[in-house]
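Chain residues, written in single-letter form:
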Amino acid sequence: MRRWHARGRQSKAGVARRVGTAAALAAALLGAVSCTGTADPAPAVAGTAPAATGTAPAATGTGSPSIAPPPVPDVLRFTGTTLTGTAFDAAQFAGKPVVLWFWAPWCATCASQAWTVAEIAPKYRDTVPIVGVAGLGEQRAMNEFVTEFDLAGTTQVDDRKGALWRRFKVTEQSIFVIIDRDGKVIHQGFLDGEALTARVAALAGA
């Protein structure tokens, strides 16, 4: 019985210790909650960041007119079909300088210029597009010309009916029509390979 009472006293002491420990833990937790409570303003401040960030799209939206597509000048308001059969719309070049090359498949001068066009057109495709306007011949002969002079990577408009030749008042070949980024024709006439390269490079760097 004495042993039992001794154990009972020990048990009671252990319970007291556990209760004390639990109380200490509860106090610590309450302190943590209290600290967390004092930190509430920080998340509130951080929460304002998305609001500030959210205003950015509005600012960007107000600037969208500045990146609107440039107006299409009258000189580029024409369409057609390429020698590969795809639709062509010159309006895509609005805001860029562009070179129109009027050629015929049987023209020896055009053949001499074709090598230069094939060489520089891919390099300046995004800055100064060169567009061939094939006329005064049959489609088969035009396609053979494109193949022979490696012009497949350059847009070639099929103008067998001469609509674009008449529009630009081209009466002979080979003729280059150079249009600046504002839609103004700054050259119409003959250019040899060296002169053409210099003109295109200057436009690309302008």
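Residues numbered from 1 in each chain as written. Predicted model: local features only at pLDDT ≥ 70, side-chain atom pairs only at ≥ 80, totals over all residues. Heavy atoms only, no water.

Next up on the list: unusual backbone geometry. Of note, the bond from Q173 into S174 is cis; its omega dihedral lies within 30 degrees of zero at 0°. Its place among the elements puts S174 in the loop between α5 (163-167) and β6 (175-179). Positive phi outside glycine occurs at D150, with the angle close to 55°. One can find D150 in the loop between α4 (139-148) and β5 (156-158). Of note, the phi angle at K169 is positive, near 55°, even though the residue is not glycine. (Helix = DSSP H or I, 4+ residues; strand = E, 2+ residues; numbered from the N terminus.)

On to the pattern of salt bridges, then. What the rule picks out here adds up to 3 salt bridges. In this structure, R77 and D74 form a salt bridge, with 3.4 Å as the shortest nitrogen-oxygen distance. For D74, a relative accessible area of 58% puts it in the exposed group. R140 serves as the salt-bridge partner of E144, at 3.4 Å between the closest nitrogen and oxygen. Of this pair, E144 and R140 both sit in helix α4, 4 residues apart, roughly one helical turn. By relative accessible area, which is 46% here, E144 ends up partly exposed. (Salt bridge = Lys/Arg side-chain N within 4 Å of Asp/Glu carboxyl O. Buried < 20%, exposed > 50% of the residue type's maximum accessible area, 1.4 Å probe, protein only.)

This part covers the pairing of strand β3 (residues 98-103). Extensive coverage of β3 is indicated by the burial of 6 of its 6 residues. Both faces of β3 are covered, namely the face carrying V98, L100 and F102 and the face carrying V99, W101 and W103. Of the pairings in the sheet, the one linking β3 to β6 comprises 5 bridges and is antiparallel in character. Following the sheet pairing, L100 is matched in β6 by V177. Once the chain exits β3 it traverses helix α3 (residues 108-120) before rejoining the sheet at strand β4 (residues 130-134), and the crossover so formed is right-handed. (Pairing = 2+ DSSP bridges. Right-handed = clockwise from strand over helix to strand, strands pointing away.)

A few words now on the packing of aromatic side chains. Overall, the coordinates contain 11 aromatic pairs when judged by the stated rule. Summarising the aromatic geometry, the rings of F145 and F149 are spaced 4.8 Å apart at their centres and angled 50° between planes, so their arrangement reads as tilted. We note that F145, like F149, is buried. Each member of the aromatic cluster is reached from another via a ring pair, and the members are F78, F88, F93, F102, W165 and F168. (Phe/Tyr/Trp six-rings, centres within 6.5 Å; stacked < 30°, edge-to-face > 60°.)

A few words now on the side chain of T116. With respect to the helices and strands, the residue T116 is situated in helix α3. Classification of T116 by relative accessible area gives buried; the value is 14%. In this structure T116 touches G193, L196 and T197, once residues within four positions along its chain are discounted. (Contact = heavy atoms within 4.5 Å.)

In this section: the nonpolar core. Counting 28 residues, the largest nonpolar core has W101, W103, F145 and L151 as its most contacted members. For this core, the secondary structure elements donating two or more residues are β3, α3, β4, α4, β6 and α6 (193-205). Setting aside its immediate chain neighbours within four residues, L151 contacts W101, A114, V117, A118, F145, V146 and Q156. One finds A90, F93, V98 and V133 within the second-largest nonpolar core, a separate group that totals 19 residues. (Core = buried A, V, L, I, M, F, W, Y, C linked by side-chain atoms within 4.5 Å.)

To continue, consider the pairing of strand β7 (residues 185-189). In terms of strand pairing, β6 meets β7 through 4 bridges, oriented antiparallel. Directly across from V177, in β7, lies its bridge partner Q188. Counted between consecutive antiparallel strands, the loop separating β6 from β7 contains 5 residues, among which G183 sits at a positive phi close to 85°.

When pLDDT is averaged across the protein, the result is 78; 67% of the residues are at 70 or more. Low confidence marks residues 1-59, where pLDDT is under 50. Its contacts with residues over four positions away, or in another chain, come to 0 contacts. (pLDDT = per-residue confidence, 0-100.)

Turning our eyes to something else, we now look at the packing of α3 against α6. Axis angle and axis distance: for two packed helices, these are the angle between their axes and the distance between the axes, and together they describe the pair. It is the contact of α3 with α6, at a shortest axis distance of 9 Å, that shows an interaxial angle of 25°. Here α3 is positioned roughly parallel relative to α6, judged by the angle of their axes. Helix-helix and strand crossings are classified by hand; for α3 and α6 the assignment is right-handed. Across the interface between the two elements, T116, V117 and I120 of α3 pack against G193, L196, T197 and V200 of α6. Split into classes, the residues belonging to the contact of α3 with α6 amount to 4 nonpolar, 3 polar and no charged. (Axes fitted to C-alpha atoms, helices over the stretch in contact; angles between N-to-C directions. Parallel < 35°, antiparallel > 145°, perpendicular 65-115°, else oblique. Left-handed = near helix turned anticlockwise from the far one by under 90°. Nonpolar A, V, L, I, M, F, W, Y, C, P; charged D, E, K, R; others polar.)

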